[in-house]
Amino acid sequence: MTQNNPRDAHRDELTHVDESGDVRMVDVGDKAVTRRIAVAEGSILMHPETQAMVLEDRAKKGDVLACARVAGIMASKRTSDLIPMCHPLNITKSKVEIESIPAMGEGARKDGRVGFHVLATCGVTGVTGIEMEALTAASTACLTIYDMCKAVDKSMEMSHIYLEHKSGGKSGEFYNEVRRQR
């Protein structure tokens, strides 16, 4: 089942808001246990010299991309500590992949800007989704790259952080119509 219906804020119910308008954690006690996967993406753009520094492993703080991958994985496991209404999950998979965005050629952005593209994949066998964990992993990996490079490039820009795909649960498959803009 693919969900491609447009959202309607007047029709849809917000699951984290009760009848009185107060926020709440959703009761997932009666939901079926299913295998759930979520994939989130994000990018961080920077000066070409900054990208070269990272790719050549010249950053004073160490291996930027290895640190960002580990930070993303760690963040996925701590999402419920950061996002108030998220349930703590026993994550079965967390993977963060980072590839460079070249100035030209395959994988280049139309505007020629360079940086790194992050792909975070999280999985769980449980009663609630894992989308927030994947989004947290992608965001944190980008933030870690920023932190490790900010001494030489404070103008870095994180962009296009979004849920690309999710599967499992009552709503089944979801594919985001947003395309990677690189």
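Just above sits the structure.
Residues numbered from 1 in each chain as written. Predicted model: local features only at pLDDT ≥ 70, side-chain atom pairs only at ≥ 80, totals over all residues. Heavy atoms only, no water.

(A) Structural detail: the sheet that holds strand 2 (residues 93-101). Read from one edge to the other, the open sheet built from five strands follows the order 2-3-1-4-5, with strand pairing classed as antiparallel. Strand pairing shows two members of the sheet lacking a second neighbour, strand 2 and strand 5 (174-175), which therefore form its edges. Taken strand by strand, helix 2 (residues 64-77) contacts strand 2 and strand 3 (114-126), and its axis lies near 145° from that of strand 2. (Pairing = 2+ DSSP bridges. Helix = DSSP H or I, 4+ residues; strand = E, 2+ residues; numbered from the N terminus. Contact = heavy atoms within 4.5 Å. Axes fitted to C-alpha atoms, helices over the stretch in contact; angles between N-to-C directions.)

(B) Here's a closer look at the side chain of T128. Relative to the helices and strands, T128 resides in the loop between strand 3 and helix 4 (131-149). In contact with T128, not counting residues within four places along its chain, are V28, K31, R36, H87 and L89.

(C) Structural detail: a nonpolar patch on the surface. On the surface, a nonpolar cluster with roughly 230 Å² of combined accessible area is contributed by L143, M158 and I161. Looking at where L143 falls in the secondary structure, it is placed in helix 4. Exposure remark for L143: the relative accessible area of 46% places this residue in the partly exposed category. (Patch = residues over 30% accessible without salt bridge, like charges linked within 9 Å, V, L, I, M, F, W, Y side chains within 5 Å. Areas by Shrake-Rupley, 256 points an atom, 1.4 Å probe, with all protein chains shown as cover. Salt bridge = Lys/Arg side-chain N within 4 Å of Asp/Glu carboxyl O. Buried < 20%, exposed > 50% of the residue type's maximum accessible area, 1.4 Å probe, protein only.)

(D) Structural view of the nonpolar core. Of all hydrophobic cores here, the largest spans 30 residues; its most connected members are V64, I98, F116 and I145. Mapped onto this core, the elements with two or more residues apiece are strand 1 (34-46), helix 1 (48-55), helix 2, strand 2, strand 3 and helix 4. At nine residues, the largest contribution of residues to this core is made by helix 4. (Core = buried A, V, L, I, M, F, W, Y, C linked by side-chain atoms within 4.5 Å.)

(E) Fine view of the pattern of salt bridges. This structure, assessed with the given rule, holds six salt bridges. A salt bridge links R58 to E56; the nearest nitrogen and oxygen atoms lie 2.7 Å apart. Taking the relative accessible area as the measure of exposure, R58 reaches 46% and is therefore partly exposed. Residue D111 pairs with R109 through a salt bridge whose shortest N-O separation is 2.8 Å. The exposure class assigned to D111 is partly exposed, which follows from its relative accessible area of 45%. Judged by relative accessible area, R109 falls into the buried class, the value being 12%.

So, to be careful, I would describe these as geometric facts and stop short of saying anything about function.
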